[in-house]
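# Descriptive structure summary
If you want the building blocks of each chain, they are given just below.
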Amino acid sequence: MIKHLSVLPFIALLLVNTACGDEVAKSSQLSSTESKEGSNKDPESGSSGSSSTTTTPKGAFELKLDGLVKQTAPWGNIEISVEQARLLRGDKPAGFPSKEKHSKDSIYAILDVKLESNAKDENDYTERKTWDLLLGSDKRVEPLNALGVKLGAGQTQTVTLFYKVEENTSLKGASLEINGNDRSKFEPMKIPLDVSTKFESQVELPDLMGELFEAEEDGELDYEIVNALYGVNLESSGRRADKDKRLVELTVRVGNTSDSSATFSPSDEAVRISVDGSKITPEQFDSKTIQSGERETFVLVYSIAEDLTAFDLVFDLGGEVHEASVALPGSARFDDDDDSFDDDSFDSDDFDSDDEDSDDEDSDDEDSDDED
């Protein structure tokens, strides 16, 4: 009798081998993937990937921002730079604000910010909590902690700011936005984390400097402009323009040409800005009595609209009122030695007066005299 061998065991064996082959293939692919991920690990943090990704890793990690640009930005009389930026999940980091509850499951953006003082006095940033993180998606994240420092004259300190962010947050395209005590008073300043930027500050109005406006016969005071600045940030005085405003700062030596003492005060409105007939007077300054034949120096600060391109500087010289037309640069994003500024700066031939008008009317006679 011929026995029939069952084929079922062979089929079963074949299926088992096939299944094992699939597992081997999957294991090989997984090892390859893990190897590639391992090659992308940050050698300092030990985490995989970088903060350029839009998918944050699972579990604990630390991602430093690739391509961080360390650049100095002026704010009042201090200079600010972001020295390090990273995303973190896991154990509580050093310096985490004690008043905030830390979670190992949450993601935190951490910025190390260096502050350098150019001031003559102390700046108190103990309670300053308005330096926000602006993500590339335009989402605003407020800090968990205040700056917490008093910055003495000439001092440099580094502070760490913590921000709680959502899953899949990226620091690519993000900025640190600097604000004053509140977010509506001063013109804010954005410091991009990974884009080199030239920051708006102040420029000189060179052709206005050194101009002397002498008192008329009935006048007592004359005015010499020692320095003229325009911009959003006055570095010497630490002034920051209000939101949507710009500042004009004139350093003026006022001389007394009379035989008796004279007083120069804000109420005199002797040096003012005129825009389309509207008067802008300088901010409050201390009055001084000037003795006969002497001079005193005053710093006059004016707040003007951000989009203003020109104004008239008006001088009351006693019997006469003189006006100087001043053209402003499109912005204050220029260095003092930037030639592009000179094209837009105020020129000495911009002065207007009644005498100059008459000179224009008599230009034909002057031309004929020149020809002779």
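Now for a description of the structure that goes with this document.

The rules behind these values
Residues numbered from 1 in each chain as written. Predicted model: local features only at pLDDT ≥ 70, side-chain atom pairs only at ≥ 80, totals over all residues. Heavy atoms only, no water. Core = buried A, V, L, I, M, F, W, Y, C linked by side-chain atoms within 4.5 Å. Buried < 20%, exposed > 50% of the residue type's maximum accessible area, 1.4 Å probe, protein only. Helix = DSSP H or I, 4+ residues; strand = E, 2+ residues; numbered from the N terminus. Contact = heavy atoms within 4.5 Å. Pairing = 2+ DSSP bridges. Phe/Tyr/Trp six-rings, centres within 6.5 Å; stacked < 30°, edge-to-face > 60°. Lys NZ or Arg CZ within 6 Å of the ring centre and 35° of its normal.

## Looking at the nonpolar core
Among the nonpolar cores identified, the biggest contains 35 residues, and Ile80, Val113, Trp131, Leu133, Tyr163 and Leu176 are the most heavily contacted of them. Elements that contribute at least two residues to this core include exactly strand E1 (61-64), strand E2 (73-75), strand E3 (78-89), strand E4 (107-117), strand E8 (149-151), strand E9 (156-165), strand E10 (175-178) and strand E11 (189-192). Beyond its immediate sequence surroundings of up to four residues, leucine 176 is in contact with Val82, Leu111, Val113, Trp131, Asp132, Leu161, Tyr163, Met189, Lys190, Ile191 and Leu193.

## Let's talk about the sheet that holds strand E7 (residues 140-141)
Judged by pairing direction, the sheet is antiparallel, and its four strands sit side by side in the order E7-E6-E10-E11 without closing on themselves. In this open sheet, the two strands that pair with only one neighbour each are E7 and E11.

## Examining the packing of aromatic side chains
As enumerated under the stated definition, the model contains nine aromatic pairs in all. Relative to tyrosine 108, the ring of phenylalanine 96 has its centre 5.1 Å away and its plane inclined at 80°; by these criteria the two rings are edge-to-face. With phenylalanine 96 in the loop between E3 and E4 and tyrosine 108 in strand E4, this residue pair connects regions lying twelve residues apart in the sequence. Here phenylalanine 96 matches tyrosine 108 in class, with each residue buried. Relative to phenylalanine 285, the ring of phenylalanine 264 lies with its centre 5.6 Å away and its plane at 25°, an arrangement referred to as stacked. Pair noted here: phenylalanine 264 is in strand E18 (residues 262-264) and phenylalanine 285 is in the loop between strand E20 (278-280) and strand E21 (288-290), with a separation of 21 residues, a long-range link. Of the two residues, phenylalanine 264 and phenylalanine 285, neither departs from the other in class, the shared state being buried. Taking NZ or CZ as reference, lysine 288 lies 5.4 Å from the ring centre of phenylalanine 298, over its face.

## Quick notes on the environment of alanine 119
Positionally, alanine 119 belongs in the loop between E4 and strand E5 (123-125). Separated by 119 residues in sequence, alanine 119 and glycine 238 place their C-alpha atoms 7.4 Å apart. With residues up to four places along the chain from it excluded, the contact list for alanine 119 reads Asn77, Ala153 and Gly154.

By themselves these figures say nothing about function.
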